[in-house]
Amino acid sequence: MKRRITYRNTLINLNSQLQRQQAELEEQTAIVEKLHAQLEEEGQRYQQQKNTLQAIMDSIETGIAMIDTTGKTIFINKFWRKIFGYDNENDADMQASTLINSDADSLIQTVVAGATNADDFLAKLRDSLDNFEESYRDDLEYRESSHRYCRISSVPCLTTDNQALGRVFRFRDITRYKEINMLKSELISTVSHELRTPMSSIMGFSELLLTRQLSPERSRQYIEIIHEQAERLTKLITDFLDIQRMESGKQVFDRQRLNFVEIVDQVCELFNNEGENHRIISECNPSKPLYVDGDHDKLLQVMSNLLSNAIKYSPQGGEIIVRVFAQDNMLQTSIADQGLGIPEEARTKLFSKFFRVDNDDRREIGGTGLGLAICKEIVQSHSGRIWLESTYGEGSTFYFTIPLAEPAQSPSESALIIKESLVVDNGKNLILIVEDDENLVKLIETVLKEDGFATYAVNSGEGALRLVDQADFKMIILDIKLAGKLTGWDVVKALKDNDKTAHIPVIISSIYEKNAESQTKGISDYLVKPFIPKQLLNVVHKVMRENVGAKMFMHGDERLDEHVVNILRSNGIKVKEIKSTDNILMITLDGDN
Amino acid sequence: MTKFLNPAKQDNKHIIKLLFELRSKKTGGRKLKKILVADDEKSLRMLITGTLEIGDFSVVEVDNGMDAWKMINEIRPELVILDVMMPGMTGYQVCQLLKANEELQKIKVIILTAKGQQSDKEDALEARADFYIAKPFSPVQLLAVVEDILGD
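Residues numbered from 1 in each chain as written. Chains lettered and ligands numbered in written order. Predicted model: local features only at pLDDT ≥ 70, side-chain atom pairs only at ≥ 80, totals over all residues. Heavy atoms only, no water.

Draft legend 1. Looking closely at the overall build of chain A. Check the secondary structure of chain A and you find 17 helices and 20 strands. Residue burial in chain A is summarised as follows: out of 593 residues, 41% are buried. Across chain A, the fraction of contacts at a sequence separation of at least 24, relative to all contacts at a separation of at least 6, is 62%. Of the roughly 34400 Å² that chain A leaves accessible, carbon and sulfur atoms contribute 51%. (Helix = DSSP H or I, 4+ residues; strand = E, 2+ residues; numbered from the N terminus. Buried < 20%, exposed > 50% of the residue type's maximum accessible area, 1.4 Å probe, protein only. Contact = heavy atoms within 4.5 Å. Areas by Shrake-Rupley, 256 points an atom, 1.4 Å probe, with all protein chains shown as cover.)

Draft legend 2. Inspection of unusual backbone geometry at higher detail. For the bond from K135(B) to P136(B), the omega torsion is -5°, close enough to zero to count as cis. Its place among the elements puts P136(B) in the loop between β6 (131-134) and α6 (139-150). Although it is not a glycine, N329(A) adopts a positive phi angle of roughly 65°. In this fold, N329(A) is placed in the loop between β9 (319-327) and β10 (330-336). Its relative accessible area of 65% is what places N329(A) among the exposed residues. One non-glycine residue with positive phi stands out, namely S383(A), at about 60°.

Draft legend 3. Molecular detail of the environment of I72(B). Residues and elements named next belong to chain B. Topologically, I72 is positioned in helix α3 (residues 65-75). Residues I72 and I107, spaced 35 residues apart in sequence, show a C-alpha to C-alpha distance of 9.0 Å. For I72, the residues in contact, after removing those within four places along its chain, are L36, P77, V80, V94, L98, L104 and I107.

Draft legend 4. Just a negative patch on the surface, in detail. Residues and elements named next belong to chain A. A contiguous patch of negative charge, built from D254, D297, D437 and E438, is present on the exposed surface. Positionally, D437 belongs in the loop between β13 (430-434) and α12 (438-450). D437 sits in the partly exposed class, given a relative accessible area of 35%. (Patch = residues over 30% accessible without salt bridge, like charges linked within 9 Å, V, L, I, M, F, W, Y side chains within 5 Å. Salt bridge = Lys/Arg side-chain N within 4 Å of Asp/Glu carboxyl O. Lys, Arg positive; Asp, Glu negative; His and termini not counted. Charge placed at Lys NZ, Arg CZ, Asp CG, Glu CD.)

Draft legend 5. Summary view of the sheet that holds β13(A). Residue and element names in this part refer to chain A. If you walk across this open sheet you meet the five strands as β14-β13-β15-β16-β17, and the pairing is parallel. Edge positions in the sheet fall to β14 (454-458) and β17 (525-528), since each has one partner strand and no second. Taking each pair of neighbouring strands and ignoring which way they run, the sheet shows an average axis angle of 20°. (Pairing = 2+ DSSP bridges. Axes fitted to C-alpha atoms, helices over the stretch in contact; angles between N-to-C directions.)

Draft legend 6. View of the environment of I342(A). All names here are of chain A. Mapped onto the fold, I342 is located in the loop between β10 and α10 (344-347). Its relative accessible area of 8% is what places I342 among the buried residues. For I342 and L388, which are 46 residues apart along the polypeptide, the C-alpha to C-alpha distance reads 9.3 Å.

Draft legend 7. Main features of the sheet that holds strand β11 (residues 385-391) of chain A. Residue and element names in this part refer to chain A. Across the sheet, which stays open at both edges, the five strands sit in the order β7-β9-β10-β12-β11 with mixed pairing between neighbours. Edge strands, defined here as strands with exactly one partner in the open sheet, are β7 (279-282) and β11. Taken over all neighbouring pairs, the strand axes of this sheet differ in orientation by 15° on average, direction set aside. One ladder, built from seven bridges, connects β9 with β10; its direction is antiparallel. Its bridge partner lying in β10, Q327 is registered against M330.

Draft legend 8. Quick look at the interface of chain B and chain A. Opposite the 27 residues of chain B that make contact, chain A presents 26 residues. Across the chain B to chain A interface the summed buried area is about 2300 Å²; carbon plus sulfur atoms make up 52%. If you look at where chain B meets chain A, you find two salt bridges. In this structure, R218(A) and E53(B) form a salt bridge, with 2.5 Å as the shortest nitrogen-oxygen distance. Counting across the chain B and chain A interface gives nine residue pairs in polar contact (both at pLDDT 80 or more). Mapped onto the side of chain B that touches chain A, the elements with two or more residues apiece are α2 (42-51) and α6 of chain B. Looking at the side of chain B that touches chain A residue by residue, the classes come out as 12 nonpolar, seven polar and eight charged. (Buried area = accessible area lost by both parts, 1.4 Å probe. Polar contact = N/O pair within 3.5 Å; in protein donor to acceptor, adjacent residues only side chain to side chain. Nonpolar A, V, L, I, M, F, W, Y, C, P; charged D, E, K, R; others polar.)

Draft legend 9. Fine view of the pattern of salt bridges. A full pass over the atoms with the stated rule returns 20 salt bridges over all chains. For K135(B), the salt bridge is made with D39(B), and the minimal N-O distance between the two is 3.5 Å. Linking K135(B) in the loop between β6 and α6 with D39(B) in the loop between β2 (33-38) and α2, this pair joins segments that are 96 residues apart in sequence. In this structure K135(B) comes out as buried when scored by relative accessible area, which is 1%. Using a relative accessible area of 1% as the deciding quantity, one classes D39(B) as buried. Each of the salt bridges in this network shares a partner with another, and the network as a whole consists of E41(A), E42(A) and R45(A).

Draft legend 10. Region of interest: the packing of helix α7 (residues 216-247) of chain A against helix α11 (residues 371-381) of chain A. Residue and element names in this part refer to chain A. Where α7 contacts α11, the axes come no closer than 10 Å and their chain directions differ by 30°. As α7 packs across α11, the resulting crossing turns out to be left-handed. Along its contact with α7, which presents D239, D242, I243, M246 and E247, the element α11 presents A373, I374, E377 and I378. Tallied by class, residues from the contact of α7 with α11 come to five nonpolar, no polar and four charged. (Left-handed = near helix turned anticlockwise from the far one by under 90°.)

See below:
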């Protein structure tokens, strides 16, 4: 019985023990489960942190790789893969996994493959793996397919108690930075060279003038050189500022509807008059205008830069052929010379600043080295394209295009008239100025007003014809190239065809020289621009003398007519022409009276 | 007295030689020191010859590196004044050729450079030029240097 009780007690004991243990176990299970949950949470947080870190690392434009103390690659970012050509998205992961876990040596091999100073670098990188305390920085030049520069730097990665964990490498692609730096110093050295050359002449010759007794002829020669070189310096500075303004987009283009054929004619004429050694043949049809919307002065600059280049690089007596035609809504202009031609390797650089072809038999060729760069900027600002074709030894042809203007539009009315109201100062002889250059208008007006004339100015032929019979104009000073569609010659023809206006003497003011053709058109005189005020007044006075009072208007009455003419004749006045229209008799007297 | 000759092209080299001989006879056997000036800028050649006018020199001008080298061999000048930036060959290249040649290396060389940067100075020293003058230069100084170099 006692044993039984003992058994029972033992059993109870065991049971309670078991229960206790079970409770403990449950408790421990709960702890484990809690820990597990915590761990899972931690794991998630870790993964999240890792993803965040990777995202951050991938977003920066610096290549980053980490190597642990055993020399294994444990981390690389996206930009690193990009720098070293592992940026193919499809197998990026595969490549990343091959790179990660690869040993440091193969990473280093990958890094320096293609670098020009590879050996130096390998040695340096290996050193850095033995010496985890040091940071270093260096530039690495690459020559794989293109010139590339990388800046590489490395910092040790340490635990909180300064135990080495590994090393972080940073790679920055500094190619662009290097290029900009190089361009900058090249530009500075070229500009200073271009500035010093004329400066040398100016300083040197002025020093000779100051320190030596020179003959008057020699002194004059030296002063001429100084002046010439100072002009060259000024041109260089103007051109340089021009191109800076255009490149930075600060240039404001004054766009107008222009007949480009006229611009070409003007420039060709100008150059033909200047240079006796070259012949410029313009193969464009002057009667078929081609309109563009552009800045007159700037387009003129393009043409004259290209033409002066063609002349400079052409042999004496060479022909330069200029063609202008329309093609696919574009106006295309070509300028062909018979010069040396441009070697292939120089062609791409030709439109960059200060670039000049280094020819063996280069003659004394002036210029600033900026002409073509300016042309390119202007043409591109007009939505056009500029290029060249050349056979070395046979000559070059430069082409450029500009979009043609919409043909339906006519020049805006507001552009036609400079002044709206017509104020006639009674008692003064009124002169009509037809001229589109505002500055020249101002000059002519000032000169004529000071001389006692009244003036009125319009900038187009259309404006001139509308106004001419609204006041008693004693004379017309007429430009050939005008703002509207009509040229000066069109205006002359219209004036002479109209009986009411045929008597008004016309003085042509043009940049073109007088030729045989211009004399047949019934004009009174011809002024070639630029003219000085004295020339203008001489011509105006001469024409006034010939014409004022030389025309008589009378009421038409046949008896009276005869009478008047007889009286005039008996007084020794020569009558040139008698014309009777609408009861008005017009007697033109000979200018010699 | 100084005489000037136009840039020498292929045909007139022997004429130049003859002129030199004639001139030395004219000066009573006293030989003028020959100076070759190579610069592609006409105004600068005029400046240099104008500067050297009052010395006992005879000056020959060329406008490119190739002709400079040909002329050095042809006339054996006492002094060569070289611009750096020339078509054909740079002044440094001409100078290097000259100084590497046993027969010619005694010829004195002045290099004129428009850059005047440290790197150019080093290039010039590497080319073993005897003197280096930066543009813009003072003609009075140039004359002093020339007289110093060619002085007995």
